[in-house]
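The residues making up each chain are set out below.
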Amino acid sequence: MSGAAPNGGERHGVVQPDATSQEIYDGGMVVRREVLGAAHVDRANANKDEFTDDFQDMITRIAWGGIWTRPGLTRQMRSAVTITAMVAHGHWEELAMHIRAAITNGLSRDEIKEILLQTAIYCGVPSANTAFKTAQQVFLDLDNAATDTASTDTPAGPPN
């Protein structure tokens, strides 16, 4: 097998041989918004300045446009790999963000638990301990947000 995609190169996601830098950026921004949520991406972009602008551009083009758009893995698998990497390197804020993204990508809480149990063996129990606490807080925040949304969507009963 030569490694070439049967359809002429789609194995590269948005990074096609003739893709412009803008097309790669735009494709990355679509996936970034789908995975992390528009509010998160809007906050990141609102907080960028001359110092961080190149970094934000790089992660959108390379991480999101170059890697996350590739068809070789599902988004669920990419989330599992990313969660493991965050635990292995102790990137707890990024872990919280990627646990939320994993939920968005369709992983269940039980699947996330299994990923974290796997990290206990390969990344160490202390790291997994912190990862479980991080996930627990993310789930609590998600549950509280859902409860808050449900209570504001429910019409009030008749006045007393």
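The coordinates are above.
Residues numbered from 1 in each chain as written. Predicted model: local features only at pLDDT ≥ 70, side-chain atom pairs only at ≥ 80, totals over all residues. Heavy atoms only, no water.

Visitor: Before we move on, could you go through the nonpolar core and cite the residues and values that matter?
Guide: Membership of the largest hydrophobic core comes to 16 residues, with the highest contact counts inside it found for Ile-83, Val-87, Leu-95, Ile-99, Ile-112, Leu-116 and Phe-139. Residue assignment for this core shows that the elements contributing at least two residues are helix H4 (75-89), helix H5 (92-104), helix H6 (109-122) and helix H7 (125-153). Filtering out sequence-adjacent residues up to four positions away, Leu-95 remains in contact with Ile-83, Met-86, Val-87, Ala-131 and Thr-134. Core analysis: the next-biggest nonpolar cluster, separate from the first, contains ten residues, Met-29, Val-35, Val-41 and Met-97 among them. (Core = buried A, V, L, I, M, F, W, Y, C linked by side-chain atoms within 4.5 Å. Buried < 20%, exposed > 50% of the residue type's maximum accessible area, 1.4 Å probe, protein only. Helix = DSSP H or I, 4+ residues; strand = E, 2+ residues; numbered from the N terminus. Contact = heavy atoms within 4.5 Å.)

Visitor: Mind laying out the pattern of salt bridges, listing which residues take part and the relevant values?
Guide: Working definition: two side chains of opposite charge can pair if their charged atoms are close together. Taken as a whole and judged by the stated rule, the model has five salt bridges. Residue Glu-34 pairs with Arg-75 through a salt bridge whose shortest N-O separation is 2.7 Å. One end of the pair, Glu-34, is in helix H1 (residues 21-36); the other, Arg-75, is in helix H4, with 41 residues separating them in the sequence. For Glu-34, a relative accessible area of 42% corresponds to the partly exposed category. The residue Asp-143 makes a salt bridge to Arg-109 at a minimum N-O spacing of 2.7 Å. One end of the pair, Asp-143, is in helix H7; the other, Arg-109, is in helix H6, and 34 residues separate them in sequence. Owing to a relative accessible area of 35%, Asp-143 belongs among the partly exposed residues under this scheme. (Salt bridge = Lys/Arg side-chain N within 4 Å of Asp/Glu carboxyl O.)

Visitor: So what's going on with a nonpolar patch on the surface? Which residues, and what values?
Guide: On the surface, Phe-55, Met-58 and Ile-62 cluster together into a nonpolar patch covering about 280 Å² of accessible area. Here Ile-62 is to be found in helix H3 (residues 53-67). (Patch = residues over 30% accessible without salt bridge, like charges linked within 9 Å, V, L, I, M, F, W, Y side chains within 5 Å. Areas by Shrake-Rupley, 256 points an atom, 1.4 Å probe, with all protein chains shown as cover.)

Honestly, it's all geometry; don't read function into it.
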